[in-house]
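Chain by chain, the residues:
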Amino acid sequence: MSAPSLDANHHDRIADLGRRVLASGEITREEVLWLLDLDSNADIFDLLSWANRVREHFKGNKIHLCSIVNAKAGGCSEDCKFCAQSAFYQTEAPRYGFVDPKPVRAASAEAQRNGVTALGLVAAWKGLNEGPMLDEVCERIAELARDGKVRPDAALGLIKSQAVADRLRAAGLACYNHNLETSRRFFPQQCSTHTYDDRLQTIRHLKAAGIRVCSGGILGLGETRADRCDLMFALKEVAPDFVPVNVLNPIPGTPFADNPPLPPLAILQTVACFRLVLPQANILLAGGRAVNLRDLQSLGFMAGASALMVGNYLTTLNQPVEKDLQMLRDLGLEWDGYQGMSEPAAATPALASAA
Ligand code: SF4
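Turning to the overall build of the protein chain, a few remarks are in order. The secondary structure content of the protein chain amounts to 13 helices and 12 strands. Taken over the C-alpha trace, the protein chain has a radius of gyration of 19 Å; the compact-globule value for 355 residues is 20 Å, and the two agree within 12%. In terms of principal-axis extent, the alpha carbons of the protein chain reach across some 65 × 40 × 40 Å. Considering the protein chain as a whole, with its 355 residues, one finds that 49% of them fall into the buried category. Contacts in the protein chain between residues at least 24 apart in sequence constitute 81% of all its contacts with a sequence separation of at least 6.

Shown next, in the form of structure tokens:
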């Protein structure tokens, strides 16, 4: 980052864009590219300040908390180059088959103790087809739904048929995480075993089943700022309820192990742009935040984040939940525990076109 900017034009233009998003929720790709290219600390802090206003205007003062439980670890058939769980790479990540109900119950009870709204069952595999494994997954989801301690969510890879999405919804699944990860242009450089269109098709099935969509991406893969911008606008077409912003935590043994870290202020600048492009969504600070943002984690909310993943990630440790909750208290933010299952969402129209 360079010396403080004395450019009053930048200050005014950032304010104009912030006011426009507050009034209409709209901003163009060219405008976001300009915001992503700002390189003075003064300009970036101006941007954060407007993203904070946009968060407050559209999402209020409550932070949504969610956590995950790794329900099937390692040995994944896909080759996502950031992932410790891919069978393509030699990593230290644990490997085990689909878990029995006990650890899921324990994770649910812990989430409830911490006031966490949602618990996501996460599995490292290509995706879900109809068959005995889908039956087992549905049993775990149904148990979480019956138990009523947390909102049952999941991230179980690609969904190839509408019947599978409908079964998950019928079991009580509320929300499904399926990230676009990056731009359509960069995607083949981070994964060759499935396509961007496979991911969009999964999201169409989820929407048609009335399952809420959580879809975001991961920064620091080697993508350009234009790729980040394109991811934001691809997500705008998807219109997810939740947008996780992950930042690469390089894992030894994976192809991206030696990627250089992103500067914390550049991460915050990008989170702020996610907020401006997707003002209605819950922008979720997810994997890699502690290691990449370090002491600047709390500024993630000033950058517009309205949700936080707490507890450990799939293969890496997070900071203790109590520390996260103290951070929210210190910022004057609130969070709410699970209030029970809402009525099933109506099925939403499939996406009109691939992003
Ligand atoms: S990100 Fe998911 S699909 Fe890709 S390798 Fe890891 S577990 Fe498999």
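Across the five residues of strand β4 (residues 151-155), five count as buried, placing the element largely inside the fold. Burial of the side chains of β4 extends over both faces: R151, D153 and A155 are buried on one face and P152 and A154 on the other. With five bridges connecting them, strand β2 (residues 118-123) and β4 associate as parallel partners. From the neighbouring strand, V122 faces β4, where its bridge partner is A155.

Let us look at the site of the ligand. Taken together, C76, E78, C80, C83, Q85, S86, A124 and G157 make up the full set of residues near the ligand. Considered class by class, the residues forming the shell around the ligand number four nonpolar, three polar and one charged.

The geometry of helix α2 (residues 29-37) relative to helix α9 (residues 225-238) is characterised by a closest axis approach of 10 Å and an angle of 135 degrees between their N-to-C directions. Our classification of the angle between α2 and α9 gives oblique. By crossing handedness, the relation of α2 to α9 is classed as right-handed. Every residue of α9 that contacts α2 at R29, V32, L33, L36 and D37 is listed here: R225, A226, R228, C229, M232 and F233. Its residues assigned to classes, the contact of α2 with α9 comprises seven nonpolar, no polar and four charged.

Taking 1.5 Å of rise per residue, the 19 residues of helix α3 (residues 41-59) would be expected to cover 27 Å, and the 26 Å separating its terminal C-alpha atoms lies within 8% of that figure. Of all the residues in α3, the buried ones are D43, I44, D46, L47, L48, W50, A51, V54, R55 and K59. At its buried positions, α3 is contacted by α1 (8-24), α2, α10 (264-277), β10 (282-285) and α12 (299-302). Note on α3: the residue one or two positions beyond its end, G60, has a positive phi of about 75 degrees.

Right, let's talk about the nonpolar core for a bit. Membership of the largest hydrophobic core comes to 107 residues, with the highest contact counts inside it found for L276, I283 and L284. In terms of residues, this core owes the most to one element, α10, which gives nine residues. Residues in contact with L284, not counting those within four places in the same chain, are G216, F242, V243, P244, V245, A305, A307, L308 and M309.

Across its 14 residues, α10 extends 20 Å between first and last C-alpha, which sits within 8% of the 20 Å expected from 1.5 Å per residue. Within α10, 12 of the 14 residues are buried, which leaves the element mostly enclosed by the surrounding structure. Listed in full, the buried residues belonging to α10 are A266, I267, L268, Q269, T270, V271, A272, C273, F274, R275, L276 and V277.

With that settled, the discussion passes to the confidence of the model for the protein chain. Per-residue confidence for the protein chain averages 91 on the pLDDT scale, and 91% of its residues sit at or above 70. Every residue in residues 339-350 is under pLDDT 50, and counting partners more than four places away or in other chains gives 17 contacts.

This brings us to unusual backbone geometry. Both trends apply: most residues other than glycine have a negative phi, and most peptide bonds are in trans. Of note in this structure, A239 is not a glycine but carries a positive phi near 55 degrees. A positive phi angle, close to 50 degrees, is found at R294, a residue other than glycine. Its location among the elements puts R294 in the loop between α11 (289-293) and α12.

Below, the discussion takes up the packing of α3 against α10. Taken N-terminus to C-terminus, the directions of α3 and α10 make an angle of 40 degrees; their axes are 9 Å apart at the nearest point. Note on packing geometry: the crossing formed by α3 with α10 is left-handed. Contacts between α3 and α10 involve N41, I44, L47, L48, A51, V54 and R55 on the former and, on the latter, L265, L268, Q269, A272, R275 and L276. Across the contact of α3 with α10, the residue classes tally to nine nonpolar, two polar and two charged.

Calculation criteria
Residues numbered from 1 in each chain as written. Predicted model: local features only at pLDDT ≥ 70, side-chain atom pairs only at ≥ 80, totals over all residues. Helix = DSSP H or I, 4+ residues; strand = E, 2+ residues; numbered from the N terminus. Rg over C-alpha atoms; globule rule 2.2 N^0.38 Å. Buried ≥ 20, exposed ≤ 12 C-beta atoms within 10 Å, placed from the backbone. Contact = placed C-beta atoms within 7 Å. Pairing = 2+ DSSP bridges. Near = placed C-beta within 6 Å. Nonpolar A, V, L, I, M, F, W, Y, C, P; charged D, E, K, R; others polar. Axes fitted to C-alpha atoms, helices over the stretch in contact; angles between N-to-C directions. Parallel < 35°, antiparallel > 145°, perpendicular 65-115°, else oblique. Left-handed = near helix turned anticlockwise from the far one by under 90°. Expected span 1.5 Å × (residues − 1). Core = buried A, V, L, I, M, F, W, Y, C linked by C-beta atoms within 7 Å. pLDDT = per-residue confidence, 0-100.

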